[in-house]
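A look at the structure
Single-letter residue listing:
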Amino acid sequence: MFFTEEFEKAQEVIKGRTFNKDWLKLVGELKKVFSADGPSDNGASALSDLRKRVLEGESQGVFKGSKKLTDEAEGILSATGDYDHAKPTAVSGINDATRDKAAALKLLRHLYLLRKRGSHKVWICSLPASAAGWPSKDLAGADVAKLRSRLADVSQRFSEEDKKNLSDATQEAMKWVQKTLILLGNASSKKDSSAKAKALVVVKRWFDDGSNTPDQLTLLISDLQAGFKKIAAKLGSGHLVMTDHPEYRGQSLENSEAFVWALPNREKIEVVYIENQFFGNNNLLKGLKNWTRILVHELTHLDVGTQDKFYAWEGIKPGPGFSFADASVNAESWAFFCADAGGALTEGDRTSALK
């Protein structure tokens, strides 16, 4: 199961189930988080309110009497309307409906609007490290002890530094893509000029194997323009979500840099799954350049349907063994071309990749 399915499950629960009457106003605001294309910034403030509310307890009129909340488990369970606060270990009242409502609130509690600048809005879902799956699966059939343990865990899969770096990478990606579209506009110009000549040098550097025709190159430039316009639109759509995939924790895919559920069977929501090696150092590029390269690489899978023919550490210089046709659909070639067009690569970066 992927993020889109979990998000849709949460939407069904938040919009269709009954909650504690003292939480109805906030639950009503949480409904604004959901849109057909993914999270909506109309509900961003409600997410912040949720994180505060699950620990406020008595001050917000959640309970009668003097007893306060001890952890977020009590806050979330009290919101379901099925939990006896006076008997926190009691089994009575805890059923599948309770777990469904708790799971939906748990997902939203860990969903953040990471960046909002104009039309550029990026989301991150940072579930606790203890989660063995998406909340709806992780809490399914859980007894009170497990339910309380999972709901009380407020750790984050991504640190504050990780969140900042991911936010910066999306902003940098937008800059690269915008500069790439300017370069491609020059490359596709009908008039010869120094700007067109310089642009063609960059395009040929990453895709020309020496045997392709001018018509093939013209068609590629058109395809690149169409592809990067799609990526620019998605980066500016306000619905891009980054998260790890909790069901793959402890499996080999967890040690990748990132992955997506790509064309032709992609998710409804734009989601990039960030895994352990995203912030690793075993790459040709380092730091922000590398994080941005990974993000652009994955977005070309999502929006263009590129493939993984060769990676930069293997060498992605077009030529014998790596044809124009292969380079044209290679995600790493698109990503390094974008970095180059965006002015991010040094001569040493180019030399390392073009081997």
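Residues numbered from 1 in each chain as written. Predicted model: local features only at pLDDT ≥ 70, side-chain atom pairs only at ≥ 80, totals over all residues. Heavy atoms only, no water.

Quick word on the overall build of the protein
A tally of helices and strands in the protein yields 14 helices and seven strands. Based on the C-alpha atoms only, the size of the protein along its principal axes is roughly 80 × 35 × 30 Å. In the protein, the share of contacts with a sequence separation of at least 24, taken over all contacts with a separation of at least 6, comes to 68%. About 15400 Å² of surface is accessible on the protein, with carbon and sulfur atoms providing 50% of the total. Here the protein contributes 50 positive and 47 negative side-chain charges, whose respective centroids are spaced 5 Å apart. (Helix = DSSP H or I, 4+ residues; strand = E, 2+ residues; numbered from the N terminus. Contact = heavy atoms within 4.5 Å. Areas by Shrake-Rupley, 256 points an atom, 1.4 Å probe, with all protein chains shown as cover. Lys, Arg positive; Asp, Glu negative; His and termini not counted. Charge placed at Lys NZ, Arg CZ, Asp CG, Glu CD.)

Things to note about empty space enclosed by the protein
One pass over the structure, following the stated rule, counts one cavity of 30 Å³ or more. Empty space within the largest cavity amounts to approximately 80 Å³. In terms of lining residues, the largest cavity is bounded by K106, L127, P128, S130, A131, G133, W134, P135, D138, L139, R150 and L151. At the level of secondary structure, the elements contributing two or more residues to the lining of the largest cavity comprise α6 (135-138) and α7 (144-152). (1 Å grid on protein atoms, 1.4 Å probe; cavity = no way out; pocket = protein on both sides within 12 Å on 5 of 7 lines; lining within 4 Å. Points joined across faces, edges and corners; volume = space filled by probe spheres on them.)

Re the packing of aromatic side chains
Taken as a whole and judged by the stated rule, the model has 14 aromatic pairs. Considering the side-chain rings of F259 and Y273, the 4.9 Å spacing of their centres and the 15° angle between planes classify their relative orientation as stacked. With F259 in strand β6 (residues 258-259) and Y273 in strand β7 (residues 271-274), this pair connects stretches of sequence that are 14 residues apart. Connected via pairs of aromatic rings, a cluster forms that spans F2, Y248, F259, W261 and Y273. (Phe/Tyr/Trp six-rings, centres within 6.5 Å; stacked < 30°, edge-to-face > 60°.)

Examining helix α5 (residues 96-109)
Taking 1.5 Å per residue as the helical rise, α5 with its 14 residues ought to reach 20 Å, and the 20 Å between its terminal C-alpha atoms agrees with that figure. A large share of α5 lies buried, amounting to eleven of its 14 residues. The N-cap of α5, judged by a side-chain oxygen 3.0 Å from the amide nitrogen of A97 a few residues on, is N95. (Expected span 1.5 Å × (residues − 1). Buried < 20%, exposed > 50% of the residue type's maximum accessible area, 1.4 Å probe, protein only. Polar contact = N/O pair within 3.5 Å; in protein donor to acceptor, adjacent residues only side chain to side chain.)

Observations concerning the layout of surface pockets
A volume near 400 Å³ is recorded for the largest pocket. Among the elements of the structure, β6, α11 (287-304) and α13 (331-341) are those that each provide at least two residues to the lining of the largest pocket. The dominant element in the lining of the largest pocket, judged by the number of residues it contributes, is α11, at six residues. Its residues assigned to classes, the lining of the largest pocket comprises ten nonpolar, eight polar and five charged. (Nonpolar A, V, L, I, M, F, W, Y, C, P; charged D, E, K, R; others polar.)

Re the sheet that holds strand β4 (residues 120-125)
An order of β3-β4-β5-β7-β6 is seen for the five strands of this open sheet, with the pairing classed as mixed. The open sheet has two edge strands with one neighbour each: β3 (111-117) and β6. Judged from the four bridges that link them, β4 and strand β5 (residues 240-243) form a sheet pairing that is parallel. If you follow I124 over to β5, its bridge partner there is M242. The sheet strands contacting helix α1 (residues 3-16) are β3, β4, β5 and β7, and the helix crosses β7 at an angle near 115°. (Pairing = 2+ DSSP bridges. Axes fitted to C-alpha atoms, helices over the stretch in contact; angles between N-to-C directions.)

Some remarks on the side chain of S40
By secondary structure assignment, the location of S40 is in the loop between β2 (38-39) and α3 (44-53). With relative accessibility at 9%, the residue S40 sits in the buried group. In this view, S40 contacts K32, V33, S35 and W123; residues no more than four positions away in its chain are not counted.

By themselves, these are just geometric observations and shouldn't be taken as functional.
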